[in-house]
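Analysis of the macromolecular model
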Amino acid sequence: MQLKGKKVLILGDSITAGIGVSSTEKRYADVFAKMTGCRVLNYGISGTRYARKRIPSARAEYDQDFISRVEKMEEGADIVVVFGGSNDFAHGDAPLGNFEDRDPYTFYGACHILYRSLIEKYPEAVIVILTPLHRREEENIVNELGMPCEKLSEFVKAEKKTAEYYSLPVLDLFAVSGLQPAIPVVREKYMRDGLHPTDAGAKRIAERLKGFLESL
């Protein structure tokens, strides 16, 4: 795919919003735009999740789930990128659920609703799913709310399985980003807090996204 001049919408959480980088120009979305000549609209909001939350968060903006935000996104995209799921693992109260779910209060259900909503709103666009990155404490079976949860890898599998059902391409950053904060040298250079990419980490994501889209 030729990228120059394409209109790209990116729906995401704090990584897309730019937490961890030194300036807005260093966010992966902005770096990607500069690399490719795309017009990028950034819909990143910190703390947000795919699935809806029954118990309100301490900060109301965290509960602007991805599903409800689709209607607020601009029309007429050439490419739509979805990058989330890490917060569902870390501090959501929605269970993982199962593939048959269509309930916004389970993660599988939220994947189905979100992906179908994007297809219906952008039937001519290329819709791409980015899996979560590796992160600190990703093997936890109790999340930050003290609630039982599945490991982060199970949320990655849910995104991939649901995307496959809708025939949506997946950039598996969990597998191919090269960002694993359990390795000290990688954490120091690319993800100092064990979660949010630094300038160097954001550049790595932009490079991966560019290469992936060009391959489609």
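Residues numbered from 1 in each chain as written. Predicted model: local features only at pLDDT ≥ 70, side-chain atom pairs only at ≥ 80, totals over all residues. Heavy atoms only, no water.

**A few points about the pattern of salt bridges**
- Evaluated as defined, the whole model comprises 14 salt bridges.
- Of the charged contacts in the structure, one is a salt bridge between E144 and R135, with a shortest N-O distance of 3.6 Å. (Salt bridge = Lys/Arg side-chain N within 4 Å of Asp/Glu carboxyl O.)

**Let's talk about the packing of helix α2 (residues 28-36) against helix α9 (residues 199-215)**
- Across the interface, α2 lies against α9 with an axial gap of 8 Å and an inter-helix angle of 50°. Relative to α9, α2 is oriented oblique. Crossing hand, α2 versus α9: right-handed. Residue-level contacts link Y28, V31, F32, M35 and T36 of α2 to A202, K203, I205, A206, E207, L209, K210 and L213 of α9. (Axes fitted to C-alpha atoms, helices over the stretch in contact; angles between N-to-C directions. Helix = DSSP H or I, 4+ residues; strand = E, 2+ residues; numbered from the N terminus. Parallel < 35°, antiparallel > 145°, perpendicular 65-115°, else oblique. Left-handed = near helix turned anticlockwise from the far one by under 90°. Contact = heavy atoms within 4.5 Å.)

**Brief notes about the nonpolar core**
- Membership of the largest hydrophobic core comes to 37 residues, with the highest contact counts inside it found for Y50, V80, L114, Y115, L118, Y122 and I129.
- Per-element accounting of this core gives the leading share, seven residues, to helix α5 (residues 107-121).
- If you look at the next biggest cluster of nonpolar residues, it comprises 28 residues, including I15, Y28, A29 and C38. (Core = buried A, V, L, I, M, F, W, Y, C linked by side-chain atoms within 4.5 Å. Buried < 20%, exposed > 50% of the residue type's maximum accessible area, 1.4 Å probe, protein only.)

**Considerations on the side chain of D93**
- On the secondary structure map, D93 appears in the loop between α4 (86-91) and α5.
- Here D93 occupies a buried position and makes no salt bridge, while the nearest side chain of opposite charge, K53, is found at 4.6 Å.
- Reaching out from D93, the side chain makes a polar contact with the backbone nitrogen of R54 at a distance of 3.1 Å.
- Residue contacts for D93: discarding those within four places in its chain leaves R52, K53, R54, I55, L145 and M147. (Lys, Arg positive; Asp, Glu negative; His and termini not counted. Polar contact = N/O pair within 3.5 Å; in protein donor to acceptor, adjacent residues only side chain to side chain.)

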